[in-house]
Structures are given as structure tokens and as C-alpha cells.
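Working through the structure, step by step
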Amino acid sequence: MIGDVNLFFNRTAGEEGNDALEVECEVMIAGELLPFHDRSQPEYRGKGSGHAALSMLLSYASLPVPDGLGVPRSCFIAKIGLENLPSRSLFRKLGFRETKVVEVFNQVELKYDTEADSHPEWLKGEKRVYD
């Protein structure tokens with residue numbers, strides 16, 4: 001295993017007191033800084049694994065039930081450390097835009113940009129080959 005991807009489903013107080021669904025997306029790809037990293041193994045970051053895993057997960061989650069989870073794309077968010085530039089770039093490539101900075105947690109929040117002029121391949125059903 002080189003990492004993991006997760007979706008966390010949260011109900012939040014939305015506009016006008018209505019409940020709103022937020023689906024937080026998360027990815028972790030093992031690297032040399034982790035204490036359990038086998039130093040004889042190659043570095044896994046920067047090889048497209050995170051992009052591939054998140055693309056598949058987001059695609060599946062946004063498909064209508066029964067083929068997927070039926071999550072509206074507007075519900076996808078990510079919370080990333082301010083200094084984690086590679087992860088911020090990854091989520092922007094997947095169609096997310098930065099919406100706010102949470103100074104107390106040293107994080108930036110990103111939401112899927114439903115109004116973007118172009119959409120990433122995970123929305124188009126295109127296949128991508130990863131080495």
C-alpha cells in the first residue's frame with residue numbers, strides 16, 4: 001500500500017438554517033518523512049498515484065445511484081495545510097478552487113468549482129494511463 005483516499009460525509013448548517021452536505025476529500029501518499037517508510041522503496045509522491053486515486057473516487061462518488069454514491073459535485077471540499085503546495089496544486093488540477101483560509105488551523109479550504117469553463121477528465125469519463 002502506498003497511501004489512501006477518503007471521503008468524509010458531514011452535515012453542516014447551510015444557508016437559511018437548512019442542513020447542507022459537505023463531502024471532504026482526502027488523499028495521503030506515503031513519503032520518506034513518514035516513520036514507517038521503508039527507505040529501500042522508491043518515493044511514491046509525484047508519480048500521479050494521488051491524481052489517479054482521487055479521480056476514480058470522485059468519479060464514482062458523483063455517479064448517480066445505483067452506479068455510484070450520487071453526491072452532487074458542489075458538495076466536494078478539501079482542507080489542506082497552507083504550506084502543502086503539491087496537494088493544493090493536485091486539487092486545483094481536479095477542478096477545485098481555493099475558497100477560504102482558516103488561519104487557526106493553518107489550512108486552506110477548496111471546493112469543487114461547478115462554474116469552471118473546463119472540467120477535469122474525471123467528469124468526462126476519460127481514461128488516463130498511469131505508470
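Our structure is the block above this text.
Residues numbered from 1 in each chain as written. Predicted model: local features only at pLDDT ≥ 70, side-chain atom pairs only at ≥ 80, totals over all residues. Heavy atoms only, no water.

Remarks on helix H1 (residues 49-62)
- The first and last C-alpha atoms of H1 sit 20 Å apart over 14 residues, in line with the 20 Å expected at 1.5 Å per residue.
- Within H1, the full set of buried residues consists of Gly-50, His-51, Ala-52, Leu-54, Ser-55, Leu-57, Leu-58, Ala-61 and Ser-62. (Helix = DSSP H or I, 4+ residues; strand = E, 2+ residues; numbered from the N terminus. Expected span 1.5 Å × (residues − 1). Buried < 20%, exposed > 50% of the residue type's maximum accessible area, 1.4 Å probe, protein only.)

Considerations on the pattern of salt bridges
- For the structure shown, the criterion picks out three salt bridges.
- Between Arg-88 and Glu-98 there is a salt bridge whose closest N-O contact spans 2.9 Å. Of the two residues, Arg-88 is situated in helix H2 (residues 85-93) and Glu-98 in strand E4 (residues 96-102); the sequence distance between them amounts to 10 residues.
- Looking at Arg-88, the relative accessible area reads 13%, which means it is buried.
- The shortest N-O distance in the salt bridge between Glu-98 and Arg-92 comes to 2.8 Å. (Salt bridge = Lys/Arg side-chain N within 4 Å of Asp/Glu carboxyl O.)

Considering H2
- What H2 keeps buried is the set Ser-87, Arg-88, Leu-90 and Phe-91. Buried residues of H2 fall within an arc of 160° about the axis and therefore sit on the same side. The exposed residues of H2 that point more than 90 degrees off its buried face are Leu-85, Pro-86 and Lys-93.
- On its buried face, H2 sits against strand E2 (19-29), H1, strand E3 (76-81), E4 and strand E5 (107-112).
- Just downstream of H2 lies Gly-95, where phi reads positive at about 100°. (Arc of directions from axis to C-beta. Contact = heavy atoms within 4.5 Å.)

Notes on the nonpolar core
- Counting 22 residues, the largest nonpolar core has Cys-25, Leu-54, Phe-76, Phe-91, Phe-96 and Leu-110 as its most contacted members.
- Put simply, the parts of the chain that give this core at least two residues each are E2, H1, E3, H2 and E5.
- Leave out the neighbours within four places in its chain, and Cys-25 touches Asn-6, Leu-7, Leu-54, Leu-58, Phe-76, Ile-77, Ala-78, Phe-91 and Phe-96. (Core = buried A, V, L, I, M, F, W, Y, C linked by side-chain atoms within 4.5 Å.)

So, the layout of surface pockets
- There is about 590 Å³ of room inside the largest pocket.
- As for the largest pocket, its lining consists of 26 residues, of which Val-27, Ile-29, Pro-86, Ser-87 and Leu-90 are closest to the centre.
- Of the residues in the lining of the largest pocket, the class split is 10 nonpolar, nine polar and seven charged. (1 Å grid on protein atoms, 1.4 Å probe; cavity = no way out; pocket = protein on both sides within 12 Å on 5 of 7 lines; lining within 4 Å. Points joined across faces, edges and corners; volume = space filled by probe spheres on them. Nonpolar A, V, L, I, M, F, W, Y, C, P; charged D, E, K, R; others polar.)

A short note on the packing of aromatic side chains
- Throughout the structure, instances matching the rule amount to two aromatic pairs.
- With 5.2 Å between their ring centres and 85° between their planes, Phe-91 and Phe-96 make a pair best called edge-to-face. The exposure classification of Phe-91 matches that of Phe-96, with both residues buried.
- Relative to Tyr-112, the ring of Phe-96 lies with its centre 5.9 Å away and its plane at 85°, an arrangement referred to as edge-to-face. Here Phe-96, found in strand E4, pairs with Tyr-112, found in strand E5; they are 16 residues apart in sequence, far enough to count as distant. (Phe/Tyr/Trp six-rings, centres within 6.5 Å; stacked < 30°, edge-to-face > 60°.)

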